[in-house]
Amino acid sequence: LGAADPEVSALLERHDAGRERLLARMLDRLADAGELRPGCSRAEAADVLWLVTSFDAFDLLSRGGRRSPAVAARRLTGLAERQIARAAADRGTLRA
């Protein structure tokens, strides 16, 4: 889409740059709080967050009614949590 129109391309680049800044701040907060999964590097976590917060990932799950927007969002959030966050058991928050 952006390749065909320089203005759209510039808009998409600004959007992606803003998303990247927000994700970097989120990642800083997770790392500072000790919430990254052991063995998960910041680079890996950044890649996972970049993927699961993309419109493309959301669209693939929800296009054509495949999944509702709410279910698509839960799937992507769950994927990110399982890939980059410490397990609840590691935090001592699991309930019996």
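In this numbering scheme, every chain counts its residues from 1 along its sequence in written order. Residue-level local features of this predicted model are given only where pLDDT is at least 70; pairs of side-chain atoms are given and counted only at 80 or more, and the full residue set underlies all totals for whole chains, interfaces and linings. In computing side-chain values, all of the structure's heavy atoms are included and hydrogens and water are not.

1. Looking at the environment of Ala-45
Logical step 1: On the secondary structure map, Ala-45 appears in helix H2 (residues 42-52).
Logical step 2: In the structure, Ala-45 is positioned 22 residues away from Leu-23 in sequence and 9.7 Å away in space, judged by C-alpha atoms.
Logical step 3: In this view, Ala-45 contacts Leu-27, Leu-36, Cys-40 and Ile-84; residues no more than four positions away in its chain are not counted. Think of it this way: any DSSP run of H or I at least four residues long counts as a helix, any run of E at least two long counts as a strand, and we number them from the N terminus. We call two residues in contact when some of their heavy atoms are within 4.5 Å.

2. Quick notes on the packing of helix H3 (residues 55-62) against helix H4 (residues 69-84)
Logical step 1: It is the contact of H3 with H4, at a shortest axis distance of 9 Å, that shows an interaxial angle of 125°. Overall, the two elements H3 and H4 adopt an arrangement that is oblique. In the packing of H3 onto H4, the handedness of the crossing is right-handed. Here H3 contributes Ala-57, Phe-58, Leu-61 and Ser-62 to the contact with H4, which in turn contributes Pro-69, Ala-72, Ala-73, Arg-75 and Leu-76. To define axes, lines are fitted to C-alpha atoms, for helices over the stretch in contact only, and angles between the resulting N-to-C directions are given on a 0 to 180 degree scale. In what follows, roughly perpendicular refers to angles from 65 to 115 degrees, roughly parallel to angles under 35, roughly antiparallel to angles over 145, and oblique to any angle outside these ranges. Left-handed is the label given to a crossing in which the near helix is rotated counterclockwise from the far helix by less than a right angle, and right-handed is the label when the rotation is clockwise.

3. A closer look at the nonpolar core
Logical step 1: Counting residues in hydrophobic clusters, the biggest one holds 12 residues: Leu-23, Leu-27, Leu-36, Cys-40, Ala-45, Val-48, Leu-49, Val-52, Ala-57, Leu-76, Ala-80 and Ile-84.
Logical step 2: Contributions of two or more residues to this core are made by helix H1 (6-32), H2 and H4.
Logical step 3: Per element, the largest residue contribution to this core is four residues, and it comes from H2.
Logical step 4: Apart from residues lying up to four places away in sequence, Val-52 is in contact with Leu-76, Leu-79 and Ala-80. In this text, buried Ala, Val, Leu, Ile, Met, Phe, Trp, Tyr and Cys residues form a nonpolar core when linked through side-chain atoms within 4.5 Å. Here the term buried applies to any residue with accessible area under 20% of the maximum for its type, exposed to any over 50%, and partly exposed to those in between, with areas from a 1.4 Å probe on protein chains only.

4. A look at the packing of aromatic side chains
Logical step 1: Note on ring pairs: Phe, Tyr and Trp rings are taken, using the six-membered ring of Trp, and paired if centres are within 6.5 Å. Classes follow the plane angle, with under 30 degrees stacked, over 60 edge-to-face and the rest tilted. Within the structure shown, the criterion is met by zero aromatic pairs.
Logical step 2: Lying across the ring of Trp-50, Arg-19 places its NZ or CZ 3.6 Å from the centre. By definition, being over a ring means that NZ of Lys or CZ of Arg is both within 6 Å of the ring centre and within 35 degrees of the ring normal.

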